[in-house]
Amino acid sequence: MHLSHPAADFQGIPKEDVFFAANDRFVQMGFGYVILSMQPELYPDKPMHIYLYIEAQPSARNLLLGALLARAEQIRALYPHLKGRIYTHLQPNQWEMLNFYSHNGFINNDAEEEYVFSIADVAAPTPPMGCQFASVPLSTQEEAQAFLNRINMYRMTPITPDYLTVQMQQPYFMALGFYRGGQPIGEIMVSGAQLEMAGLVTMYVVSSYRRRGIGKALAQSAAALLRERGVRQCATQIYSLNEPQVRLVKSLGASRRRIVGILPSIDIG
């Protein structure tokens with residue numbers, strides 16, 4: 001079995017972070033890559049996250065995993081004082097790959113979960129003192145990109161301009177926020193095409209304004225507007241390891257409906 005890097009960057013990933021595996025006849029058996037992201041807003045105590053992906057025949061997986069973990073260790077060495085994790089993302093039915101990662105020391109302690117909460121009786125709360133509740137300006141490309149830049153600071157997977165454009169065409173799309181002195185202290189995006197249920201796509205609260213009930217008030221304010229338009233339920237996805245997200249959905253009376261993805265990981269630092 002042989003390992004190699006691609007001749008050029010692969011799907012926007014630096015070539016040194018990508019490995020191809022081939023057998024002794026140089027038939028490709030699979031590939032893998034790592035992607036570094038810093039998440040100081042989502043995980044301030046463990047901000048360094050190295051995503052690992054493998055797509056390969058079983059005979060090539062161990063070789064690729066070893067190469068990717070070695071590359072992850074090189075990346076980690078650039079930030080010796082930061083804590084974080086090496087992780088991957090699996091569908092709930094990928095039992096073979098889950099067993100593979102578990103056998104190689106990954107811990108299954110995080111999941112992407114979908115929660116649903118009723119908005120049939122929700123009432124709009126009073127905005128925080130000194131704040132204005134308003135729609136996010138999205139009439140120009142510059143305004144849309146500025147909104148994406150803000151919300152993506154608080155996301156594991158960035159929302160793209162194309163995705164935002166699609167959501168803006170949905171009948172129950174709204175982008176709203178609390179603003180103080182013209183500056184956002186928290187924003188939320190909801191969307192949906194069906195009257196039965198809308199989706200809370202994403203939201204954030206600026207770190208200096210957290211633990212004041214602003215996130216809950218923002219979610220309830222958006223939910224009240226959805227209720228006025230006939231929507232009765234709202235769904236959202238959170239990470240089970242992110243305690244503020246878990247506290248928020250529980251404060252909204254949400255119940256877990258399904259597991260969307262599993263995130264086996266190895267702690268680093």
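That block above? That's the structure.
What counts and how
- Residues numbered from 1 in each chain as written.
- Predicted model: local features only at pLDDT ≥ 70, side-chain atom pairs only at ≥ 80, totals over all residues.
- Heavy atoms only, no water.
- Helix = DSSP H or I, 4+ residues; strand = E, 2+ residues; numbered from the N terminus.
- Buried < 20%, exposed > 50% of the residue type's maximum accessible area, 1.4 Å probe, protein only.
- Contact = heavy atoms within 4.5 Å.
- Areas by Shrake-Rupley, 256 points an atom, 1.4 Å probe, with all protein chains shown as cover.
- Core = buried A, V, L, I, M, F, W, Y, C linked by side-chain atoms within 4.5 Å.
- Phe/Tyr/Trp six-rings, centres within 6.5 Å; stacked < 30°, edge-to-face > 60°.
- 1 Å grid on protein atoms, 1.4 Å probe; cavity = no way out; pocket = protein on both sides within 12 Å on 5 of 7 lines; lining within 4 Å.
- Points joined across faces, edges and corners; volume = space filled by probe spheres on them.
- Nonpolar A, V, L, I, M, F, W, Y, C, P; charged D, E, K, R; others polar.
- Pairing = 2+ DSSP bridges.
- Axes fitted to C-alpha atoms, helices over the stretch in contact; angles between N-to-C directions.

Focus: the overall build of the protein chain
Right, on to step 1. Assigned secondary structure in the protein chain consists of six helices and 13 strands.
Right, on to step 2. Each of the three principal axes of the protein chain carries a C-alpha extent, and together these read 65 × 35 × 35 Å.
Right, on to step 3. Buried residues in the protein chain amount to 46% of all 269 residues.
Right, on to step 4. A separation threshold of at least 6 residues defines the contact pool for the protein chain, and within that pool the share at least 24 residues apart is 66%.
Right, on to step 5. Carbon and sulfur atoms form 52% of the exposed surface of the protein chain, whose accessible area is close to 14100 Å².

Comments concerning unusual backbone geometry
For residues other than glycine, phi is negative in most cases, and the peptide bonds are mostly trans.
Right, on to step 1. At F26, a position not held by glycine, the phi torsion is positive, near 60°.
Right, on to step 2. Examined against the element boundaries, F26 turns out to sit in the loop between β2 (18–22) and β3 (28–38).
Right, on to step 3. You will see that R211, though not glycine, has its phi angle at about 60°, which is positive.
Right, on to step 4. Relative to the helices and strands, R211 resides in the loop between β10 (197–205) and α5 (214–228).

Points about the nonpolar core
Right, on to step 1. Core analysis: the largest hydrophobic core is formed by 32 residues, its most contacted members being F117, I119, F178, I188, V190, L200 and L226.
Right, on to step 2. Taken together, the elements giving at least two residues each to this core come down to β6 (111–118), β8 (174–180), β9 (183–194), β10, α5, β11 (233–239) and α6 (243–251).
Right, on to step 3. If we ignore the near neighbours within four places in the chain, the residues touching I188 are M174, A175, L176, L200, T202, M203, L218, A219 and A222.
Right, on to step 4. By size, the runner-up hydrophobic cluster in this structure holds 25 residues, among which are L64, L65, L68 and M97.

Thoughts on the packing of aromatic side chains
Right, on to step 1. Under the defined criterion, the tally for this structure stands at 12 aromatic pairs.
Right, on to step 2. Ring geometry for F31 against Y53: centres 6.1 Å apart, planes inclined by 45°, an arrangement best described as tilted. One end of the pair, F31, is in strand β3; the other, Y53, is in strand β4 (residues 48–56), and 22 residues separate them in sequence.
Right, on to step 3. Judged by relative accessible area, which is 13%, F31 ranks as buried.
Right, on to step 4. Counting every residue linked through ring pairs, the aromatic cluster contains F10, F20, F31, Y33, Y51, Y53 and Y87.

Quick look at empty space enclosed by the protein
Empty space among the atoms can be located by rolling a probe the size of a water molecule over them.
Right, on to step 1. For the structure on display, the rule yields one cavity of 30 Å³ or more.
Right, on to step 2. Taken as a whole, the largest cavity encloses approximately 40 Å³ of empty space.
Right, on to step 3. As for the largest cavity, its lining consists of F117, V190, L200, A219, A222, A223, L226 and C234.
Right, on to step 4. For the lining of the largest cavity, the class distribution of residues is eight nonpolar, no polar and no charged.

Regarding the layout of surface pockets
Right, on to step 1. What the second largest pocket holds in volume is close to 240 Å³.
Right, on to step 2. Lining the second largest pocket are I35, S37, Y51, Y87, H89, E112, M156, T157, Y239 and L263.
Right, on to step 3. For the lining of the second largest pocket, the class distribution of residues is six nonpolar, three polar and one charged.

Comments concerning the sheet that holds β8
Right, on to step 1. What the seven strands build is an open sheet, ordered β7-β8-β9-β10-β11-β6-β12; its pairing is mixed. Each of the sheet's edge strands pairs with one partner strand only, and the pair in question is β7 (132–135) and β12 (255–262). Going from strand to strand, the sheet's axes swing by 25° on average, the running direction of each strand aside.
Right, on to step 2. Judged from the four bridges that link them, β7 and β8 form a sheet pairing that is antiparallel. Paired with Q132 across the two strands is Y179, which belongs to β8.

Thoughts on the environment of L263
Right, on to step 1. Position of L263 among the secondary structure elements: in the loop between β12 and β13 (265–268).
Right, on to step 2. Looking at L263, the relative accessible area reads 1%, which means it is buried.
Right, on to step 3. Taking C-alpha positions, L263 is 9.7 Å from I86, a pair spaced 177 residues apart along the chain.

Notes on the sheet that holds β13
Right, on to step 1. Here we have six strands laid out as an open sheet, ordered β1-β2-β3-β4-β5-β13, and mixed in their pairing. Of all strands in the sheet, those bounded by a partner on one side alone are β1 (2–4) and β13. On average, each strand axis in the sheet is inclined to that of its neighbour by 20°, with strand direction left out of account.
Right, on to step 2. In this sheet, β2 lies alongside β1 in antiparallel orientation, the contact comprising three bridges. Following the sheet pairing, S4 is matched in β2 by F20.
Right, on to step 3. With respect to the sheet, helix α1 (residues 58–77) is in contact with β1, β2, β3, β4, β5 (84–87) and β13, its orientation differing from that of β4 by roughly 160°.

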